[in-house]
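# Observations on the three-dimensional arrangement
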2 protein chains.
Amino acid sequence: MPDLIHDGDSAAAVSSLRSAVMLLGRRLKHQRVDESLSPTEMSVLGTLARCGSATPGELARKEHVQPPSMTRIVALLEAKGLVRLEPHPDDRRQKRVSQTEQAEAMLAESRTKRNAWLSRLAEGLDEDEWETLRAAAPVLEKLAHL
Amino acid sequence: MPDLIHDGDSAAAVSSLRSAVMLLGRRLKHQRVDESLSPTEMSVLGTLARCGSATPGELARKEHVQPPSMTRIVALLEAKGLVRLEPHPDDRRQKRVSQTEQAEAMLAESRTKRNAWLSRLAEGLDEDEWETLRAAAPVLEKLAHL
DNA sequence: GGTGGTATTTAGTTTGGGTAATGAGTTACG
DNA sequence: CGTAACTCATTACCCAAACTAAATACCACC
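Residues numbered from 1 in each chain as written. Chains lettered and ligands numbered in written order. Predicted model: local features only at pLDDT ≥ 70, side-chain atom pairs only at ≥ 80, totals over all residues. Heavy atoms only, no water.

Within an unreviewed UniProt entry, the label attached to chain A reads MarR-family transcriptional regulator, and the organism entered is Streptomyces griseus subsp. griseus.

Every one of the 22 residues lining DNA strand D counts as a neighbour, but Thr40 and Ser69 of chain A together with Gly57, Arg93 and Lys95 of chain B are closest to it. A share of 69% of the atoms of DNA strand D within 4 Å of the protein falls on sugar and phosphate groups. In the model, a phosphate oxygen of DNA strand D is placed 2.6 Å from a nitrogen or oxygen of the Ser69 of chain A side chain. Pro56 of chain B places a main-chain nitrogen or oxygen 3.5 Å from a phosphate oxygen of DNA strand D. Breaking the surface near DNA strand D down by element, the ones donating at least two residues are helix H4 (67–79) of chain A together with helix H3 (56–63) and helix H4 (67–79) of chain B. (Near = heavy atom within 4 Å. Polar contact = N/O pair within 3.5 Å; in protein donor to acceptor, adjacent residues only side chain to side chain. Helix = DSSP H or I, 4+ residues; strand = E, 2+ residues; numbered from the N terminus.)

A separate point is the sheet that holds strand S1 (residues 53–54) of chain A. Residues and elements named next belong to chain A. On the basis of which strands lie adjacent, the open sheet formed by three strands has the order S1-S3-S2 and antiparallel pairing. Strands with a single pairing partner mark the edges of an open sheet, and in this sheet they are S1 and strand S2 (83–87). Running over the sheet, helix H2 (residues 39–51) touches S1, S2 and strand S3 (95–99) and is turned about 95° from S3. Contacting S2 and S3, H4 crosses the sheet at an angle of about 115° to S2. (Pairing = 2+ DSSP bridges. Contact = heavy atoms within 4.5 Å. Axes fitted to C-alpha atoms, helices over the stretch in contact; angles between N-to-C directions.)

To continue, consider the interface of chain B and chain A. Chain B puts 62 residues into the contact, and the matching count from chain A is 62 residues. Note on chain B versus chain A: buried area summed over both sides is about 6,500 Å², and carbon and sulfur give 69% of it. The three residues of chain B that bury the most area against chain A are Arg18, Arg26 and Leu143 of chain B, which together make up 10% of that side's buried surface. On inspection of chain B and its partner chain A, the count reaches two salt bridges. Across the salt bridge formed by Glu129 of chain A and Lys142 of chain B, the nearest N and O atoms sit 3.0 Å from each other. Summed over the shared surface of chain B and chain A, the result is eight residue pairs in polar contact (both at pLDDT 80 or more). Its residues placed into classes, the side of chain B that touches chain A shows 32 nonpolar, 15 polar and 15 charged. (Buried area = accessible area lost by both parts, 1.4 Å probe. Salt bridge = Lys/Arg side-chain N within 4 Å of Asp/Glu carboxyl O. Nonpolar A, V, L, I, M, F, W, Y, C, P; charged D, E, K, R; others polar.)

A few words now on the side chain of Gln99 of chain A. Residue and element names in this part refer to chain A. Along the chain, Gln99 falls in strand S3. Here Gln99 falls in the buried class, since its relative accessible area comes to 16%. Not counting residues within four places of it along the chain, the set of residues in contact with Gln99 comprises Leu45, Leu48, Ala49, Gly52, Leu82, Val83, Arg84, Glu104 and Leu107. (Buried < 20%, exposed > 50% of the residue type's maximum accessible area, 1.4 Å probe, protein only.)

On to the environment of Val21 of chain B. Mapped onto the elements of the fold, Val21 of chain B is located in helix H1 (residues 8–30). Aside from chain neighbours lying at most four places away, what touches Val21 of chain B is Val21, Leu24, Gly25, Leu28 and Leu140 of chain A.

Another point: the nonpolar core. Counting 42 residues, the largest nonpolar core has Leu133 and Leu140 of chain A together with Leu133 and Leu140 of chain B as the members making the most contacts within it. With residues near it in sequence (within four places) discarded, Leu140 of chain B still touches Leu17, Ala20, Val21, Leu24, Leu133 and Leu140 of chain A. (Core = buried A, V, L, I, M, F, W, Y, C linked by side-chain atoms within 4.5 Å.)

Right, let's talk about the packing of helix H2 (residues 39–51) of chain B against H3 of chain B for a bit. All names here are of chain B. One way to put it is that H2 packs onto H3 with a least axis distance of 11 Å and a crossing angle of 110°. Put simply, H2 runs roughly perpendicular to H3. Judged by the sense of rotation from one axis to the other, the crossing of H2 with H3 is right-handed. Side by side, H2 and H3 meet where Ser43, Val44, Thr47, Leu48 and Cys51 of the first sit next to Leu59, Lys62 and Glu63 of the second. When its residues are assigned to classes, the contact of H2 with H3 shows four nonpolar, two polar and two charged. (Parallel < 35°, antiparallel > 145°, perpendicular 65-115°, else oblique. Left-handed = near helix turned anticlockwise from the far one by under 90°.)

Let's shift gears to the protein's contact with DNA strand C. Taken together, 23 residues form the shell around DNA strand C, and within it Gly57 and Lys95 of chain A together with Arg32, Thr40 and Ser69 of chain B come nearest. With respect to DNA strand C, the backbone of Arg92 of chain B contributes an N or O atom lying 3.1 Å from a phosphate oxygen. Counting only elements with at least two residues in the surface near DNA strand C, the list comes to helix H1 (8–30), helix H3 (56–63) and H4 of chain A together with H4 of chain B. Broken down by class, the residue content of the surface near DNA strand C amounts to five nonpolar, nine polar and nine charged.

What follows covers the relation of the copies chain B and chain A. Note on the identical chains: chain B maps onto chain A by a rotation of 180° and an axial translation of 0.1 Å, with an RMSD of 0.2 Å. The superposition operator between the copies reduces to a two-fold rotation axis. Among all residues of chain B, the minimum C-alpha distance to the rotation axis is found for Val21 of chain B, at 2.8 Å. Interface overlap between copies is the fraction of interface residues in one copy that are interface residues in the other; for chain B against chain A it reaches 100%, indicating a shared surface. (Least-squares fit on C-alpha atoms with pLDDT ≥ 70 in both.)

Here the focus is the layout of surface pockets. Of the pockets and cavities examined, the largest pocket occupies roughly 590 Å³. Those elements that place two or more of their residues in the lining of the largest pocket are H1, H2 and H4 of chain A together with H1 and H2 of chain B. Ranked by residues supplied to the lining of the largest pocket, first place goes to H1 of chain A with six residues. Here the lining of the largest pocket is composed, by residue class, of nine nonpolar, seven polar and eight charged. (1 Å grid on protein atoms, 1.4 Å probe; cavity = no way out; pocket = protein on both sides within 12 Å on 5 of 7 lines; lining within 4 Å. Points joined across faces, edges and corners; volume = space filled by probe spheres on them.)

Printed below as a string of structure tokens:
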């Protein structure tokens, strides 16, 4: 690969990207759909929705969080009835985490509310800008998981 | 404005955007260029670099942080010699915050290091994907500040 | 069967933000 | 004028969500 990001424009883009991501993240933290669920808890539910089920360790790696943090998060989600823990079939060290029906319903509701919030925010963007952002969303997601 | 984000594709984009922003934010937190500077401190320096100087209150609004938090951040930056505090010419309640030459030098260095990190990450993207992201950066920034 | 490595958890700490209450300074209005 | 209401910054205290280090339980291989 050539020097993708070593020209001036791209250096500016990197700075811009970094500060925008941090700022938006801070603001999203306050825009919880369910007051009792932290952003990372939400993210874990989303991951489970995509992947079906996973072990705590796998979730920690996917969310780029340390294993002890994931233990706590999973415990909280279980206490709220959003997640089910079963023993791993092959390895008794591990556990299998999967989402409950309740979680699925909550995710659907939360999506609606998130859309409302971002929609209000997006009213400040014109059609082209939103289109740009929409195209970038999957790329950003890929980047975040690399 | 029409229903910009109420079709299916855009709903997916919103979800994608939200989780990507949160995840990337978490990862960026660990990729500090200067171990002793928090992400928000970096962000404040960036704002000052763009705006010249501002009062603590203005900075708090721009970073979407509460005033007491900004007081603490500014104090830390001053202790590190990255920021200068002067009395406000017209209003003795306020203060005027501006960055020092030292801060400017540090920002330049930090940009280099950030580029290196994001460059490694961006090796997993192809040219088109990076181009998409580069186009989206200013839009994302605008969105974050709305 | 012992030994080294892995998954999870427990315990304790750090960090980065928040809220409430205070003090100093300014503005508006009687 | 002068006082009441408001604003800016700060101080004091608190909380949430991550982290590291160490303990526990388990697997795998020699």
